[in-house]
Amino acid sequence: MAAVSAYRSLLRSARLAFQGDTRMLDAAKQSIRQGFRDKASLAASDPTIQPAIQHALDVANFLKTNLVQGKRDGTTYKLRIHEHTERGDNESIKLAGNNTASMGGVKCCSEK
Amino acid sequence: MLRTAILRSAAAATRVAVRPVPQIASRVTIAPVMRTTSFAPKAVAWQGIRCYAAGGSLDKEEVYERIRQLLAAFDKVNDPKNIKETAHFSNDLGLDSLDTVEVVMAIEEEFSIEIPDKDADNIHSIDKAVEYILSQPDAY
């Protein structure tokens, strides 16, 4: 059941992240489907399932909060920042290293 | 259906437009023909707008038909002939749990609604889906 709900949240995130971009959305859906199909035959007790589900949830979260669509507008890009996009504020810079912002799990340059 | 509605409203409009003419014509001396032509289009346009606005909510048949078409286009369904009003996604249509998730997501897109996870988990058959859509006031 956990896998089904991960699958659903991943599809939802992809739909949000690639809204209006049919090519990317189709590719994302295809890759999500493939990833789940590959593991569909595993037994429920298989120890690799839990990390796989966690990975799916992490990807879903990344797509939702750390990915922004941009459209070229002359020499600049117009970004579609939506309500779920992660936005740090100046306070979070002072707390660098305390990891208030997830940065999609990637370390920021100031963090060693 | 739309055509009969327009014809009916047009007929009603001409009746409405014609009726006041004799009364006013007795007081004001303008040719009755002129008056009907200036009256009629306005009334027809108003009726027409009213027709479009009266869209109304979804009925059961329409919801079922849209879900049926959606499933007919889904290549995982074992046989389009099995799509019936009470068909169960996994028992009758041969879909697994991942396919069911995709069908429910497709239904969400079709009716422009968002189905919360706990409700989505309970939709396992076409009649359940139809029932859920009908209970949503936002669905269209």
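Check the entry above for the structure.
In this text the structure is predicted, and so the values were computed from the model without any measurement.

Basis of the calculations
- Residues numbered from 1 in each chain as written.
- Chains lettered and ligands numbered in written order.
- Predicted model: local features only at pLDDT ≥ 70, side-chain atom pairs only at ≥ 80, totals over all residues.
- Heavy atoms only, no water.
- Helix = DSSP H or I, 4+ residues; strand = E, 2+ residues; numbered from the N terminus.
- Buried < 20%, exposed > 50% of the residue type's maximum accessible area, 1.4 Å probe, protein only.
- Contact = heavy atoms within 4.5 Å.
- Areas by Shrake-Rupley, 256 points an atom, 1.4 Å probe, with all protein chains shown as cover.
- Buried area = accessible area lost by both parts, 1.4 Å probe.
- Salt bridge = Lys/Arg side-chain N within 4 Å of Asp/Glu carboxyl O.
- Polar contact = N/O pair within 3.5 Å; in protein donor to acceptor, adjacent residues only side chain to side chain.
- Nonpolar A, V, L, I, M, F, W, Y, C, P; charged D, E, K, R; others polar.
- Pairing = 2+ DSSP bridges.
- Expected span 1.5 Å × (residues − 1).
- Arc of directions from axis to C-beta.
- Patch = residues over 30% accessible without salt bridge, like charges linked within 9 Å, V, L, I, M, F, W, Y side chains within 5 Å.
- Lys, Arg positive; Asp, Glu negative; His and termini not counted.
- Charge placed at Lys NZ, Arg CZ, Asp CG, Glu CD.
- Core = buried A, V, L, I, M, F, W, Y, C linked by side-chain atoms within 4.5 Å.

A. Broad picture of the overall build of chain A. Counting its secondary structure elements, chain A contains four helices and two strands. Secondary structure elements of chain A, listed N to C terminal, follow the sequence α-α-α-β-β-α. Looking at chain A residue by residue over its 112 residues, the buried ones come to 24%. For chain A, the share of sequence-separated contacts (at least 6 apart) that also reach a separation of at least 24 residues comes to 48%. For chain A, the exposed area adds up to about 7900 Å²; of that, 56% sits on carbon and sulfur atoms.

B. Inspection of the interface of chain B and chain A at higher detail. Taken together, the contacts link 15 residues of chain B with eleven residues of chain A. Where chain B abuts chain A, roughly 1400 Å² becomes buried across the two surfaces, and 50% of that area is made up of carbon and sulfur atoms. If you look at where chain B meets chain A, you find ten salt bridges. When the shortest N-O distance is used, the salt bridge between Asp117(B) and Arg12(A) registers 3.5 Å. Seen at the junction of chain B and chain A, the total is nine residue pairs in polar contact (both at pLDDT 80 or more). Mapped onto the side of chain B that touches chain A, the elements with two or more residues apiece are helix H5 (97-110) and helix H6 (117-120) of chain B. Each residue belonging to the side of chain B that touches chain A can be placed in one class, and the counts come to five nonpolar, one polar and nine charged.

C. Here's a closer look at the pairing of strand E2 (residues 76-80) of chain A. Residues and elements named next belong to chain A. Counted residue by residue, E2 has zero buried out of five residues, so it is predominantly exposed. As paired strands, strand E1 (residues 69-73) and E2 are joined by five bridges and run antiparallel to one another. Across the sheet, residue Arg72 finds its bridge partner in E2, namely Tyr77. Counted along the chain from E1 to the antiparallel partner E2, the turn is two residues long, and its residue Gly74 has a positive phi close to 70°.

D. Just helix H4 (residues 60-72) of chain B, in detail. Residue and element names in this part refer to chain B. For H4, with 13 residues, the first-to-last C-alpha span of 18 Å sits near the 18 Å given by 1.5 Å per residue. Residues of H4 that are buried: Val63, Tyr64, Arg66, Ile67, Leu70 and Leu71. One side of H4 holds all its buried residues, which, seen down the axis, span an arc of 165°. Summarising the contacts, the buried residues of H4 are in contact with H5 and helix H7 (126-135).

E. View of a negative patch on the surface. All names here are of chain B. Together, Asp59, Glu61, Glu85, Asp127 and Glu131 line one region of the surface with negative charge. Topologically, Asp59 is positioned in the loop between helix H3 (32-53) and H4. For Asp59, a relative accessible area of 43% gives the class partly exposed.

F. Molecular detail of the nonpolar core. Formed by 27 residues in total, the largest nonpolar core has its most connected members in Ile67(B), Leu71(B), Leu93(B), Phe111(B) and Ile126(B). Within the residue set of this core, elements represented by two or more residues are H4, H5 and H7 of chain B. Setting aside residues up to four positions removed in sequence, Leu71(B) forms contacts with Val77(B), Ile83(B), Phe89(B), Leu93(B), Val103(B) and Ile126(B). In this structure, Ala6(A), Phe18(A), Ile32(A) and Val101(B) belong to the second largest nonpolar core, which totals 20 residues.

G. Spatial organisation of helix H2 (residues 22-39) of chain A. For H2(A), built from 18 residues, the straight-helix expectation of 26 Å at 1.5 Å per residue is met to within 8% by its first-to-last C-alpha distance of 26 Å. For H2(A), the full list of buried residues reads Leu25(A), Ala28(A), Ile32(A) and Phe36(A). Burial along H2(A) is one-sided: seen end-on, the buried residues are contained in an arc of 65°. Facing away from the buried side of H2(A) by more than 90 degrees, the exposed set consists of Thr22(A), Arg23(A) and Asp38(A). Next to the buried residues of H2(A) lie helix H1 (2-17) and helix H3 (49-65) of chain A together with H5 of chain B.

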